[in-house]
Amino acid sequence: MNRIVASSLGQPLLVILMALLLVGSGARSLQRLPVDAYPDLSPPIVEIITQWPGHAAEEVERLITVPVELGMNGIPNSDNVRSISLYGLSDVIITFHNGAGDLPTRQEVFNRLPDLSLPAGVTPSVSPLSAPSGLIYRYVLQSPDRSPMELKTLEAWTIEPQYRSVPGVADDSGFGGGTMQYQVLLDQAKIAAVGLSAVQVEASLAANNSNAGGGFYSQGGQFYYVRGMGNLETLEDIGNVVLAVHDGTPVLLKDVGRVVIGIAPRLGEFGYEKQDDAVEGVILLRTGEKTQDVLKRVEAKTKELNNGVLPKDVKIVPYYDRTDLIGLTTKIVEGNLLRGMLLVIVILIFFLYDVRAGLIVAITIPLALLFAFICLDLQGASANLLSIGAIDFGILVDAAVVMVENIFRQIAERKGTPLNVREIIRDAAAEVDRPLFYAVAVIVVSFMPIYVLSGPSGTLFKPMADTMIFALVGSLVVTLTLLPVLCAWFMRKGVKERHNRAFEATKSVYVKGLDFCLAHPWGTTLASTLLLLCSLLLIPRIGAEFMPQLDEGALWVRATMPYTISFDESAKITPKIRDILRTFPEVTTVASELGRPDDGTDSTGFFNVEFYVGLKPYSEWNGAYHTKPELIAAINQKLLAFPGINFNYTQPAEDAVDEAETGLKSALAVKVFGSDLNTLQQKGKAIKKVLEQVRGIRDVTLVQELGQPSLSIKINRAAIARYGLNVADINGVITTAIGGDVATEVVQGEKQFDLVVRLEQKYRDNPEEIGNILVATPGGQQLPLKEFADIQVTNGASFIYRQYNSRYIGVQFSVEGRDLAGAVEDAIQQVNQKVSVPQGYHLDWGGEYSEYTASRAQMNVILPLTLALIFLLLFTLYSNFKFPFITVLGVLLSAPVGGIVALWLTGTPFSVSSGIGFLALFGVSVQTAVVYISYVNELRLSGTGLNEAIRQGAILRLRPIMMTALVAALGLLPAALATGVGTDTQRPFALVIVSGLFTRLLISIFLMPALYALVARPDDRLEV
């Protein structure tokens, strides 16, 4: 190490040039470095969506979902296969291991799709390559004149293709408005009078809508194509289609029915502010793309569409843009960083009483950060709130503090001696460079186990570990190269240690306490042990959770209505809820999504309404509510006006990630697995009843799977046989006359619209009318449908959930007023005691709780591993066991105390974030012990007696130890105290480090000399 310092002092201009190069390259990397609010926490997911309109959940499960699941079983690197079957839709989700790779997993799925055995005409599709949290942009179409159907047509055929062409966009999914159709509405009496059926009309339309290619011919030296033009283009064309000829008179379609432009049966509806039926677009980020870069392209495309592509009366109005969240979190991070930097500089100048020394140390901060930015840029990584906001400037300058403080002290002490400044600096650096290298290595090692974490916790904290490790390496390089050169330049005329009264008073008190502790080393150690044990008693009262909530500065409100509610009834209630949400002054925008979009990408029904609630920045909340929980409580109080509707409150991205993790509309759920739906529902109800009595458990909802009324038309085979009919003939009537079947398509330029055939509404309104629908027999008779089938109302399944090739029912819940782990473990105990499940059935407690248990198991391995790695490094430094042992023991007895007490006082549950904070705390705490032990060893090697070296080393190293501990603590103090959007995840991490370093400082300055006195012997092998 000393040769690096000597080389730097010998080539100062080269060092300065390299520093300038670092500044230039770092600034360029900072400009290139993408910034996002949060990293994507979800594992690789491939979703297979299959639509089969008109079919019940049981049929969808049996004929589509189960074959797809079986076809995907055993797919490489998969964690599980999960599905939901509902009316007209099958949604199968395959979750893969982290690191499996998005493109290989999708390719494996695509390779298996052709081998699936599915009903004729059914084609599965794979969802776009986007993460659940990839929703980055929402917009609504506004026009003073156009209908929702017209806006929907513009969205589907003009706007969506434009946005999908933007690099980095995975998809633009439209929601709301009516999907335009050409509809043939038949009069049953008229078609019966001419001996036709709805099925025959459908066949005639398909046969009268096509073009033909007749090859080519040459004439007059020119080449001519031959084209047969028979496509249907207008309502008049459709009405003039010939269905039959009776006595030489053609029967036209317009003679037996009406041809109109209408909308497809609604699967959902989008509402915006006061508009009950509006049209929105949802843009998804392609996995692996940089959010900021893609958003810039999307915003440019919006401007282009508004200014030159869309009609003048239509505008795209964004109402959710991830750029706003990024800007807000970036502002918070910048504020925390600036305050932390200023606190560090103030502490440095206070202790050294020299502005030059303080600024020389402080220059390490920007240079170390720029070095980290270069490394992140070379990695192709992106920065986020936690990876940048959790950087502790104090930790970055700890090595610089020790180096500059020792140089400053040596120059002041040797003033007037014949040695020149460079020689003094080289000698001063030689005293501390080796222990500093190992101290920084120990801190780096304390972050290394983060790379062992898997799942969301690993995804969240690995970028922070990257940034901290790169910055620490950069700070060490700057400390060993640039800082000695700057000290040589700015301290060449010598320095003078001014009398710092505050520090001298502190040192005077410390010396008295030190002498007492050295006189009673066993008592000091015992007192420290008792203090630790007292703090450990607080752990059961702290509680635990997986991860603090990532505040997005917005609300996502979910309303769960009765599962059998109709679209019309749900559409009446939704605007009333939206109006209530708009009454709060803290709310900026309210949008609602009822049901599901036409593409089937959200597998739900009319009972489910989700509300996006945009909020003002918290700094602008001047009304009765000052925090989000207060606002949620007030909203919930007003929404009690809707009895029978359950409301749940999350956030936009959080909701999507929760659903991807559990398969349900909640972050916490217990699943009952088994085969019989009735048994599952019974056990689900019993579990719900128990959960409602558990303290801290709220919003308990059973996902009702049964109870969906349906009209069953059971075909009588004997009856159809008497008239020469087949089952397919009756099913054709049911599909076409009642449900409406797509006969063909009408092409208009680049647009294509379905041409649907069905009976007029009055002929299919109720069971009686449906029973009277006429069926044409081969003998020319027209008989009512009820002659061929038994028609009755029955109950069936609304949804069928599956996972691990088994059905399950879910009981969703949330936790309030209690830590997650304590509440769920209490619930597990009570459910196991009060609810018995039959043979072949079992329970699974998933979501955040399973993530918590997995992360807890990982932390149980990581913590001992970290301590072992630190011990090995210290053994390499000191070449014996006793000094590494007392270093680790001193850290364990002092550092955790403050972190545990702080978590208890602030009511912060233990989480992965605070666990990582403890790991970092251990690494930083080792540094002060290394500084002390190495200096005592150096004094002993120079001939100082053992007891005098222990005492003198503690007194002379008090200032650098206090400086390193205080700057490390105060550097993160703003992050520990910060509130607002994006601060929740980094706050437990910072809180543990800040409070732990304070107790570590107060205890270790007395404990370490006592421990050294207990183990040191005159014949020790000494290494500095």
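That block above? That's the structure.
Quick look at the structure, then. Everything numeric here is computed off the predicted structure, so don't read it as measured data. (Residues numbered from 1 in each chain as written. Predicted model: local features only at pLDDT ≥ 70, side-chain atom pairs only at ≥ 80, totals over all residues. Heavy atoms only, no water.)

## A few points about the side chain of K301
Alright, step 1. You can see K301 is positioned in helix α10 (residues 291–309).
Alright, step 2. Beyond its immediate stretch of four places on either side in the chain, K301 contacts Q162, Y163, S165 and V166. (Helix = DSSP H or I, 4+ residues; strand = E, 2+ residues; numbered from the N terminus. Contact = heavy atoms within 4.5 Å.)

## Details of the packing of aromatic side chains
Alright, step 1. The tally for this structure, following the rule as stated, stands at 31 aromatic pairs.
Alright, step 2. Residues Y137 and Y139 carry aromatic rings whose centres are separated by 6.4 Å and whose planes lie at 50 degrees to one another, so their mutual orientation is tilted. Take Y137 and Y139: they sit in the same class, and that class is buried.
Alright, step 3. When the centroid spacing of 5.4 Å and the interplanar angle of 50 degrees are considered together, the rings of Y272 and Y319 count as tilted. Placement of the pair is Y272 in strand β14 (residues 268–272) and Y319 in strand β16 (residues 315–321), with a sequence separation of 47 residues. (Phe/Tyr/Trp six-rings, centres within 6.5 Å; stacked < 30°, edge-to-face > 60°. Buried < 20%, exposed > 50% of the residue type's maximum accessible area, 1.4 Å probe, protein only.)

## Structural notes on the sheet that holds strand β13 (residues 257–263)
Alright, step 1. Strand order in the open sheet formed by four strands is β13-β8-β26-β25, with mixed pairing between adjacent strands. Lying at the two open borders of the sheet, with one neighbouring strand each, are β13 and β25 (741–748). Across the sheet, the axes of successive neighbouring strands diverge by a mean angle of 25 degrees, strand direction being ignored.
Alright, step 2. Two strands pair when backbone bridges link them, and strand β8 (residues 180–186) and β13 are joined in this way by seven bridges, in the antiparallel orientation. Bridging across to β13, L185 finds its partner in R258.
Alright, step 3. Packing against the sheet, helix α5 (residues 148–164) makes contact with β8, β13 and β26 (751–759), and its axis sits at approximately 135 degrees to β26.
Alright, step 4. Relative to β26, helix α26 (residues 727–739) is tilted by about 110 degrees, and along the sheet it contacts β25 and β26. (Pairing = 2+ DSSP bridges. Axes fitted to C-alpha atoms, helices over the stretch in contact; angles between N-to-C directions.)

## A short note on the pattern of salt bridges
Alright, step 1. One pass over the full model with this rule turns up 24 salt bridges.
Alright, step 2. A salt bridge links D377 to R32, with the nearest nitrogen and oxygen atoms 2.9 Å apart. Taken together, the residues span a long stretch of sequence, with D377 in helix α13 (residues 364–379) and R32 in helix α2 (residues 12–32) at a distance of 345 residues.
Alright, step 3. Residue classification places D377 among the buried positions, given a relative accessible area of 16%.
Alright, step 4. Members of the salt-bridge network, linked through shared partners, are E61, E69, R802 and R807. (Salt bridge = Lys/Arg side-chain N within 4 Å of Asp/Glu carboxyl O.)

## Side note on the pairing of β8
Alright, step 1. Within β8, seven of the seven residues are buried, which leaves the element mostly enclosed by the surrounding structure.
Alright, step 2. Across five bridges, β8 lies against β26 in parallel orientation. Bridging from a neighbouring strand, Y182 pairs with L755 of β26.

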